[in-house]
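# Survey of secondary and tertiary structure
Here's the letter readout for the chains.
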Amino acid sequence: MFDHPSYDRHEGVHFFEDEESGLRAIIAVHSTARGPAAGGCRMWHYETGEQAFRDALRLSQGMSFKNAMAGLPLGGGKAVIWGNSKTDKSEALFEAFGRAVESLNGAYYTAEDVGVDTHDMAMVARQTRYVAGLDSGEAASGDPSPITALGVYRGIKACAARAFGSDDLSGRTIAVQGVGSVGGYLCDHLAKEGAKLFVCDVDEDALDDVCKRTGATMIKTDDIYDVDADIFSPNALGAVISKATLPRLKAKVVAGGANNQLASPDMDAALKESGILYAPDYVINGGGIINVAAEISGAYSRNWVMGKLNILIETLGEVLDEALSNGQPTNFVAERIARARIAAAKAGETSD
Ligand code: NAD
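What this report covers is the structure whose coordinates are included nearby. (Residues numbered from 1 in each chain as written. Predicted model: local features only at pLDDT ≥ 70, side-chain atom pairs only at ≥ 80, totals over all residues. Heavy atoms only, no water.)

### Some words on the nonpolar core
If you look at the biggest cluster of nonpolar residues, it comprises 85 residues, and the most contacted ones within it are Ile27, Ile81, Phe97, Leu190, Leu197 and Val199. For this core, the element with the highest residue contribution is helix 4 (residues 145-164), accounting for eight residues. If we skip the residues at most four places from it in the chain, Ile81 touches Leu23, Arg24, Ala25, Cys41, Arg42, Met43, Trp44, Tyr46, Leu93, Phe94 and Phe97. Counting residues in hydrophobic clusters, the runner-up holds 20 residues, among them Ala229, Val254, Leu262 and Ile276. (Core = buried A, V, L, I, M, F, W, Y, C linked by side-chain atoms within 4.5 Å. Buried < 20%, exposed > 50% of the residue type's maximum accessible area, 1.4 Å probe, protein only. Helix = DSSP H or I, 4+ residues; strand = E, 2+ residues; numbered from the N terminus. Contact = heavy atoms within 4.5 Å.)

The following block contains the structure:
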């Protein structure tokens, strides 16, 4: 594993197998320098164990960067359960996963991610305290999407200020890909400010709902990249900025809540070369993890969450400004800052 291309000096990678429930899971702890590693649990029907291993390595590293950029006292970790979330779920499986999390004695906090919901996490919580993203309980933080969407909205304004010389979004055309939880709330903010919205989703009910609420124009999912928009906002899937889609974009800004928007690392430089200002996804979508962090702290406070969100938007502004003044891609700058923050914490210093 030390030779694996996605290995980045992870502090620990833990493999769990529970014969009775059929659980096969990997918990990767990338870094605990800033605090306990936190990151969701993904359930996915990987074709090979190597794919599950690679996902755990990459996603846990991403969480270290995201938590550092959000200024949270948390490190980065991620769990993957190898299985089909439609057919393989059981109480025994999630309880076994809870025991796996508990065995790490607080080095890793889990929460829901793709394929796993709050109901599953309630079963995990029977076996471990190290779980967040619950619907009920003393410090439960509930659905993080409204905070994520608020952060994305404010992040879009920060980008607009730099790309267009004004953060005023009234009259700006914005193409929004995906109007689920985050995209839906985002559209409400944007419409309220008078932006002209073009939206797509594979879920027609969600699409109808948002169009009725906001007056947005419906676009076919395949055509969203061709909309003559000022801003392109991905809020559905990852890997949407690719060699195939980039030449189709007319926007001067790419900023949205989706995780892992770049299909490959070189898309960062390609966006810059195309004159597009890109808000690094793990910075602009950090509102959700801030909300989860409030729950992990044991005492949820809306004021604390809003304070952290303000600082997150300032940090995004610093990333954009540094990238623009140095002529560097924005993701490159964000990763440098994230790594410096983690290294400073390791050395016992504070950098943010
Ligand atoms: P969601 O499932 O509520 O919404 C996603 C939407 O995208 C759905 O309505 C779905 O129908 C739509 N979609 C799927 N395929 C599509 C396609 N090809 N074209 C257009 N739309 C498509 O999920 P969400 O919680 O809103 O999360 C959206 C993205 O933001 C994900 O990438 C997620 O990882 C990321 N994210 C979410 C949060 C949060 O707080 N929920 C936090 C950080 C990052």
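### Side note on the side chain of Thr128
Counting through the fold element by element, Thr128 comes out in the loop between helix 3 (118-124) and helix 4. The class for Thr128 is buried, based on a relative accessible area of 5%. A polar contact of 2.7 Å, which involves the side chain of Thr128, links it to the side chain of Glu102. Setting aside chain neighbours within four positions, we find Thr128 in contact with Gly98, Val101 and Glu102. (Polar contact = N/O pair within 3.5 Å; in protein donor to acceptor, adjacent residues only side chain to side chain.)

### Looking at the pairing of strand 4 (residues 41-44)
As defined by bridge partners, strand 4 adjoins strand 5 (residues 75-82) across four bridges and the pair is classed as parallel. Bridge assignment links Trp44 to a residue of strand 5, and that residue is Trp82. Taken together, strand 4, helix 1 (residues 49-69) and strand 5 constitute a β-α-β crossover, and its handedness is right-handed. (Pairing = 2+ DSSP bridges. Right-handed = clockwise from strand over helix to strand, strands pointing away.)

Everything listed here is a matter of coordinates, which is why it stays silent on function.
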